[in-house]
Amino acid sequence: MLMAQITHAESPSLIGKWNVEITFANEENRSVRFEAQSDGKGTLTPADPQSKAWGAAKPSDAKWTRGDENSVTFSGPVEFLIGNVGRDAGTLTCKGKLETADLITGEVEFSPLAGERPSKHGSFKAVRASQ
């Protein structure tokens, strides 16, 4: 009699801090810090070098969900600095896949809150932060 044991690989946990590098289609690069907490809650904090020049960036509430086959979505409001005087406020939505326990890749959309400007689209790579 042959006995086979089926093991289900446990999917990696999303909970923790992630450094997210974003490249929009217009070649604009942005960085945010995503902290995934339990129950689909978290925070997004701008991490661009120019954000640090204005003092500590404030985190905003974010939410995240897991889907089939390691798919992940996280989103929330964020403000990116424009030059040294302006701010581009909007909603950032990242839809991707947990490639490994420490890497998420996928597509990103930034929808501005003010004006009649179109959304920006691009790609992102999130790497788990050591601390």
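These remarks concern the structure in this document. (Residues numbered from 1 in each chain as written. Predicted model: local features only at pLDDT ≥ 70, side-chain atom pairs only at ≥ 80, totals over all residues. Heavy atoms only, no water.)

**Overview of the packing of aromatic side chains**
Throughout the structure, instances matching the rule amount to 3 aromatic pairs. The interplanar angle of 10 degrees and the centroid separation of 4.1 Å between the aromatic rings of Phe34 and Phe74 together place this pair among those described as stacked. Placement of Phe34 in strand S2 (residues 29–36) and of Phe74 in strand S5 (residues 71–82) is noted, with a sequence separation of 40 residues between them. One exposure class covers both Phe34 and Phe74, and it is buried. Between Phe80 and Phe110 the ring centres are 5.3 Å apart and the planes differ by 55 degrees, which places this aromatic pair in the tilted class. In this pair, Phe80 is assigned in strand S5 and Phe110 in strand S7 (residues 103–112), connecting sequence segments 30 residues apart. Relative accessible area serves as the criterion here: at 1%, Phe80 is assigned to the buried category. A relative accessible area of 0% means that Phe110 is categorised as buried. When the ring centre of Phe24 is taken as origin, the NZ or CZ atom of Lys120, which lies over that ring, is 5.5 Å away. (Phe/Tyr/Trp six-rings, centres within 6.5 Å; stacked < 30°, edge-to-face > 60°. Helix = DSSP H or I, 4+ residues; strand = E, 2+ residues; numbered from the N terminus. Buried < 20%, exposed > 50% of the residue type's maximum accessible area, 1.4 Å probe, protein only. Lys NZ or Arg CZ within 6 Å of the ring centre and 35° of its normal.)

**Some remarks on the nonpolar core**
Counting residues in hydrophobic clusters, the biggest one holds 23 residues, and the most contacted among them are Val20, Phe34, Phe74, Leu92 and Phe124. Those elements giving two or more residues to this core turn out to be strand S1 (16–24), S2, strand S4 (60–66), S5, strand S6 (86–100), S7 and strand S8 (120–128). The contact partners of Phe34, leaving out residues within four places of it in the chain, are Leu14, Gly16, Lys17, Trp18, Val20, Thr43, Leu44, Ala62, Trp64 and Phe74. (Core = buried A, V, L, I, M, F, W, Y, C linked by side-chain atoms within 4.5 Å. Contact = heavy atoms within 4.5 Å.)

**Description of the side chain of Glu28**
Mapped onto the elements of the fold, Glu28 is located in the loop between S1 and S2. For Glu28, the side chain forms a polar contact with the side chain of Lys120, separated by 2.8 Å. Setting aside anything within four residues of it in sequence, one finds Glu28 in contact with Ile22, Thr23 and Lys120. (Polar contact = N/O pair within 3.5 Å; in protein donor to acceptor, adjacent residues only side chain to side chain.)

Read these as spatial facts, not as claims about activity.
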